[in-house]
Amino acid sequence: MPPLYGLFAGQIPLKSFSPQQITAFEHQGFVIARRFAPRELCARIKALAQRHLAAEIGPLELEAQVKYPGSPPSLEAPGGFTVRRLLQAYARDALLRDWAAAPEIAAPLRQLLGPDVELSQAHHNCIMTKNPAFSSATGWHQDIRYWSFEKPELVSIWLALGTERVENGCLWLVPGSHKLEIPRDRFDDTRFFREDVGENRAILDSRVAAELGEGDVLFFHCRALHAAGRNLTGETKFAAVFTYHATGNRPLPGTRSASIPDIRLNL
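As the structure is a computational prediction, the values presented were derived from the model and not from experiment.

1. Some remarks on the overall build of the chain
Phase 1: When its secondary structure is counted, the chain shows eight helices and 13 strands.
Phase 2: Relative to the globule expectation of 18 Å for 267 residues, the C-alpha radius of gyration of the chain, 18 Å, shows essentially globular dimensions.
Phase 3: Principal-axis analysis of the C-alpha atoms places the extent of the chain at approximately 45 × 40 × 35 Å.
Phase 4: Expressed as a percentage of its 267 residues, the buried residues of the chain come to 54%.
Phase 5: Sequence-distant contacts in the chain: of pairs separated by 6 or more residues, those separated by 24 or more amount to 84%.
Phase 6: Working note: accessible area of the chain is about 11900 Å², and carbon and sulfur atoms make up 53% of it.

And the structure:
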């Protein structure tokens, strides 16, 4: 198998963000890098995910476990063992490790986070497998509400391994929401953004769909409000998702965020 950087050579127009892309991220809380990963790489990662899914290689997160709208009500119900995520992606295969820590990934992340960047193995670090028959909808939330770091400054990257559209459950985001100071009572007991609150509905009126093509990568801030619908098509949707932070922004001791060692990206 050729080294991952060989797959990037001459095929990716983005080595670092332009000033306009950095400004877009700062204002919106997210930016999309089109055609970031070559098709060959996406095909290899998707094939790996399909093999692990078919063989039920753990660790796995099941739709029935999250109990989101549309998910099976229990493991005993039809579709109860439908997989939602292949967890611990970085440790699954060298292909995923090489992608998550590739120099082409590190370059734009350093522009957003600073010169020393680490990958969190405790958060995201997965392949999303949105099944068409039993997929659930994910409510509006900010990732940082579930994470524990010294500063709420982390960036996630979402690699589309195929087309992502509204009909198969793409992400939705609220531009500029990463700058909002939202009171705790505007989230419910499970930390989802309450859609029954008038002020919240006004914020969600500006939501946009992050529709992606194969190889597109969405970079988004941990404070950006986002959600995702169900997969209403006949084909499973796959995406690889990883989260990063500056080396100086440490996970808080004793929390889930500090439960697995982080991976420092090489220069």
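2. Quick word on the pairing of strand β3 (residues 83–86)
Phase 1: By the bridge criterion, three bridges tie strand β2 (residues 60–62) to β3 in an arrangement that is antiparallel. Bridge assignment links Leu 60 to a residue of β3, and that residue is Leu 86.

3. Comments concerning the environment of Val 208
Phase 1: Mapped onto the secondary structure, Val 208 falls in strand β9 (residues 208–209).
Phase 2: Taking the C-alpha atoms as reference, Val 208 lies 5.5 Å from Leu 173; in sequence the two are 35 residues apart.
Phase 3: When residues no more than four places from it in sequence are discounted, the contact partners of Val 208 are Phe 30, Leu 171, Trp 172, Leu 173 and Pro 175.

4. Let's talk about the side chain of Gln 121
Phase 1: Within the element layout of this structure, Gln 121 appears in the loop between β4 (117–120) and β5 (126–130).
Phase 2: Among the polar contacts listed, one links the side chain of Gln 121 to the backbone oxygen of Pro 261, at a separation of 2.7 Å.
Phase 3: Leave out the neighbours within four places in its chain, and Gln 121 touches Gln 88, Tyr 90, Ile 260, Pro 261, Asp 262 and Ile 263.

5. Notes on the pattern of salt bridges
Opposite charge on two side chains permits pairing when their charged atoms draw close.
Phase 1: With the rule as written, the count across this model stands at twelve salt bridges.
Phase 2: Here Asp 216 ties to Arg 34 by a salt bridge, and the two come within 2.8 Å at their closest N and O atoms. Linking Asp 216 in the loop between β9 and β10 (217–221) with Arg 34 in the loop between β1 (30–33) and α3 (39–54), this pair joins segments that are 182 residues apart in sequence.
Phase 3: The exposure class of Asp 216 is buried, given its relative accessible area of 5%.
Phase 4: The partner of Arg 194 in a salt bridge is Asp 196, with the nearest N and O atoms 3.1 Å apart.
Phase 5: Taking the relative accessible area as the measure of exposure, Asp 196 reaches 53% and is therefore exposed.

6. Here's the deal with the side chain of Arg 85
Phase 1: Along the polypeptide, Arg 85 turns up in strand β3.
Phase 2: Reaching out from Arg 85, the side chain makes a polar contact with the side chain of Glu 61 at a distance of 2.9 Å.
Phase 3: With residues near it in sequence (within four places) discarded, Arg 85 still touches Pro 59, Leu 60, Glu 61, His 124, Cys 126, Ile 127, Met 128 and Thr 129.

7. Let's talk about the nonpolar core
Looking at soluble globular proteins, one finds that nonpolar side chains tend to be buried together.
Phase 1: If you look at the biggest cluster of nonpolar residues, it comprises 41 residues, and the most contacted ones within it are Trp 99, Leu 109, Phe 219, Phe 242 and Tyr 244.
Phase 2: Look past the residues within four positions of Tyr 244 in its chain and what remains in contact with it is Ala 100, Ile 105, Leu 109, Leu 113, Val 117, Glu 118, Leu 119, Leu 154, Val 155, Ile 157 and Leu 265.
Phase 3: Residues Phe 30, Ala 160, Ala 210 and Leu 212 belong to the second largest nonpolar core, which totals 16 residues.

8. A short note on the packing of aromatic side chains
Phase 1: In the structure shown here, the tally under the stated rule is six aromatic pairs.
Phase 2: For the ring pair Phe 36 and Phe 219, a centre distance of 6.1 Å and an interplane angle of 75 degrees mean the geometry is edge-to-face. In this pair, Phe 36 is assigned in the loop between β1 and α3 and Phe 219 in strand β10, connecting sequence segments 183 residues apart. Each member of the pair, Phe 36 as well as Phe 219, is classed as buried.
Phase 3: Taken together, Phe 17, Phe 36, Trp 99 and Phe 219 form an aromatic cluster joined through their ring pairs.
Phase 4: Sitting over the face of the ring of Phe 187, Arg 145 holds its NZ or CZ atom 3.8 Å from the ring centroid.

Thresholds, definitions, all that
- Residues numbered from 1 in each chain as written.
- Predicted model: local features only at pLDDT ≥ 70, side-chain atom pairs only at ≥ 80, totals over all residues.
- Heavy atoms only, no water.
- Helix = DSSP H or I, 4+ residues; strand = E, 2+ residues; numbered from the N terminus.
- Rg over C-alpha atoms; globule rule 2.2 N^0.38 Å.
- Buried < 20%, exposed > 50% of the residue type's maximum accessible area, 1.4 Å probe, protein only.
- Contact = heavy atoms within 4.5 Å.
- Areas by Shrake-Rupley, 256 points an atom, 1.4 Å probe, with all protein chains shown as cover.
- Pairing = 2+ DSSP bridges.
- Polar contact = N/O pair within 3.5 Å; in protein donor to acceptor, adjacent residues only side chain to side chain.
- Salt bridge = Lys/Arg side-chain N within 4 Å of Asp/Glu carboxyl O.
- Core = buried A, V, L, I, M, F, W, Y, C linked by side-chain atoms within 4.5 Å.
- Phe/Tyr/Trp six-rings, centres within 6.5 Å; stacked < 30°, edge-to-face > 60°.
- Lys NZ or Arg CZ within 6 Å of the ring centre and 35° of its normal.

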